[in-house]
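Coordinates in review
What follows is each chain in one-letter form.
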Amino acid sequence: MISAAHASLTGRLNALVIDGRTEAGRAELRPRGELVHGCAKVLDETLRALPDGVRRVELDMGAVVFMDTAGLEFLEVLDSYGHRRRIPVAATRWTGQPRRILELAGLDTDDPLRAAPRPTGPEPALPASSAVALERAEQLGLLRAEVEQLRQAIASRPVIDQARGILMAAHSCTSEEAWAILRTTSQLSNVKLRTIAAALTAGAGSDGPPPPEEVRTALRTAVRVCLN
């Protein structure tokens, strides 16, 4: 017998939807959208709706396009479900930005619920002046910069989503087109994207201040470029 599990996180531009089926005691779930605030609740509701005879749960994460720290809560819900029911659970096929978040968190990118193997012995020390040591130091610096960029992106995510919604309503465009407009406006005006998003959101109210002239000029050009 085949059944389906479906739940959604409403009110977001890329709402989390979990589709799937159960067959022969195996539940195959396919989340789509973003792992953001509220995603753990969506998964919990989906798991609670599964039949009692389920003996294994597998999540195909290939259609998840964005993940912030709420994604780790999502994984905790899945892991706790497996422990309570004493059944194996897995979340595989991570791609793109969510996979990078798992890497930064030190989790297994093939299945983050699987314990990462620990090194069997101490890593041999390298001379500080060696080419390998210098390369590692450079990689560490790049990684730290990327982590900081991700933190800033996560912090500014809500206002960017609001700005995308404003553009979608004003220009009858898709979420992807609204994102392209914001990105192009940022490039043309040389203003950070989150600053542009905050200006658009603040100016959306009846008595809100209009965006700076350079932002408005760049925005008009971006709309023309991206929608024509």
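Residues numbered from 1 in each chain as written. Predicted model: local features only at pLDDT ≥ 70, side-chain atom pairs only at ≥ 80, totals over all residues. Heavy atoms only, no water.

With respect to the overall build of the chain
To be explicit about the condition: Helix and strand labels come from DSSP, where a helix needs a run of H or I of at least four residues and a strand needs a run of E of at least two; each type is numbered from the N terminus. Whether a residue is buried, partly exposed or exposed follows from its accessible area with a 1.4 Å probe, protein chains only, as a fraction of its type maximum: under 20%, in between, or over 50%, in that order. Whether two residues touch is decided by their heavy atoms; if any such pair falls within 4.5 Å, the residues are in contact.
For the chain, the helix and strand inventory stands at 7 helices and 6 strands. Listing every helix and strand of the chain by position from the N terminus yields β-β-β-α-β-β-α-β-α-α-α-α-α. For the chain, the proportion of its 228 residues judged to be buried stands at 36%. Looking at the chain alone, contacts between residues at least 24 apart form 59% of all its contacts between residues at least 6 apart.

Some details on the nonpolar core
Basically, it comes down to this: Think of a nonpolar core as a cluster: buried Ala, Val, Leu, Ile, Met, Phe, Trp, Tyr and Cys residues, connected wherever their side-chain atoms sit within 4.5 Å.
Ranked by size, the top nonpolar core spans 27 residues in total, and within it Leu-35, Val-57, Leu-59 and Phe-74 carry the most contacts. Elements with a contribution of two residues or more to this core: strand S3 (26-35), helix H1 (39-48), strand S4 (56-60), strand S5 (63-67), helix H2 (70-85), strand S6 (89-92) and helix H3 (96-104). When residues no more than four places from it in sequence are discounted, the contact partners of Val-57 are Ala-27, Leu-29, Leu-47, Leu-50, Leu-78, Tyr-81, Ile-87, Pro-88, Val-89 and Ala-90. Among the nonpolar cores identified, the runner-up in size contains 16 residues, and Ile-160, Ala-178, Ile-196 and Ala-197 belong to it.

Digging into the confidence of the model for the chain
In plain terms, the rule: Per residue, pLDDT captures the predictor's confidence, and it can take any value from 0 to 100.
Per-residue pLDDT for the chain has a mean of 81; in total, 75% of the residues score no lower than 70. By mean pLDDT, strand S1 (residues 7-8) is the weakest element of the chain at 45, and S4 is the strongest at 97.

Looking at the side chain of Ser-175
Filter applied, for reference: Whenever two N or O atoms come within 3.5 Å, that pair is a polar contact, provided that in protein one can donate a hydrogen and the other can accept it, and provided that, for residues adjacent in sequence, both atoms are side-chain atoms.
Mapped onto the elements, Ser-175 comes out in helix H5 (residues 175-189). For Ser-175, a relative accessible area of 7% corresponds to the buried category. Within the local environment of Ser-175, its side chain forms a polar contact with the side chain of Arg-164, the two groups lying 2.5 Å apart.

Some thoughts on the pattern of salt bridges
Our working definition: For this analysis, a salt bridge means a side-chain nitrogen from Lys or Arg found within 4 Å of a carboxyl oxygen belonging to Asp or Glu.
This structure, assessed with the given rule, holds 14 salt bridges. Salt-bridge contacts for Asp-110 lead to Arg-99; the nearest nitrogen and oxygen are separated by 3.8 Å. Placement of the pair is Asp-110 in the loop between H3 and helix H4 (131-171) and Arg-99 in helix H3, with a sequence separation of 11 residues. Given the relative accessible area of 44%, Asp-110 is considered partly exposed. Here Arg-114 makes a salt bridge to Asp-108, at a shortest N to O gap of 3.0 Å. Each of Arg-21, Glu-23, Arg-26, Glu-28, Arg-56 and Glu-58 takes part in one network of salt bridges that share partners.

Observations concerning the pairing of S3
Short version of the rule: For two strands to be treated as a pair, DSSP must find no fewer than two bridges joining them.
As defined by bridge partners, strand S2 (residues 17-23) adjoins S3 across 7 bridges and the pair is classed as antiparallel. Following the sheet pairing, Ile-18 is matched in S3 by Pro-31. Taken together, S2 and the strand that follows it, S3, pair antiparallel across an intervening segment of 2 residues, in which Ala-24 is found at a positive phi of about 55°. Note that S3 and S5 share 4 bridges and pair parallel.

Points about the environment of Arg-85
Looking at where Arg-85 falls in the secondary structure, it is placed in helix H2. As a C-alpha pair, Arg-85 and Arg-55 span 30 residues in sequence and 8.3 Å in three-dimensional space. Those residues in contact with Arg-85, other than ones at most four positions away along the chain, are Pro-51, Asp-52 and Val-54.

Brief notes about the packing of H1 against H2
For any two helices packed against each other, one specifies the crossing angle of their axes together with the interaxial distance. Inclusion rule: Comment: axis = line fitted to C-alpha atoms, over the contacting stretch for helices; angle = value between 0 and 180 degrees taken between N-to-C directions. Should an angle fall under 35 degrees it is called roughly parallel, over 145 degrees roughly antiparallel, and 65 to 115 degrees roughly perpendicular, with every other angle called oblique. Note on convention: near helix rotated counterclockwise from far helix by under a right angle means a left-handed crossing. Clockwise means right-handed.
Relative orientation of the contacting elements H1 and H2 amounts to 25°, with a least axis distance of 8 Å. Considered as vectors, H1 and H2 are oriented roughly parallel to each other. Between H1 and H2 the crossing geometry is right-handed. Contacts between H1 and H2 involve Cys-39, Ala-40, Leu-43, Asp-44 and Leu-47 on the former and, on the latter, Ala-70, Gly-71, Glu-73, Phe-74, Val-77, Leu-78 and Tyr-81.

Brief notes about H5
Where we set the bar: The span expected for a helix works out to 1.5 Å for each residue beyond the first.
With 15 residues, H5 should cover 21 Å at 1.5 Å per step; its first-to-last C-alpha distance of 21 Å lies within 8% of that length. Looking only at H5, the buried set comprises Ser-175, Ala-178, Ala-180, Ile-181, Leu-182, Thr-184, Thr-185, Ser-186 and Ser-189. The first or second residue beyond H5 is Asn-190, which carries a positive phi of 60°.

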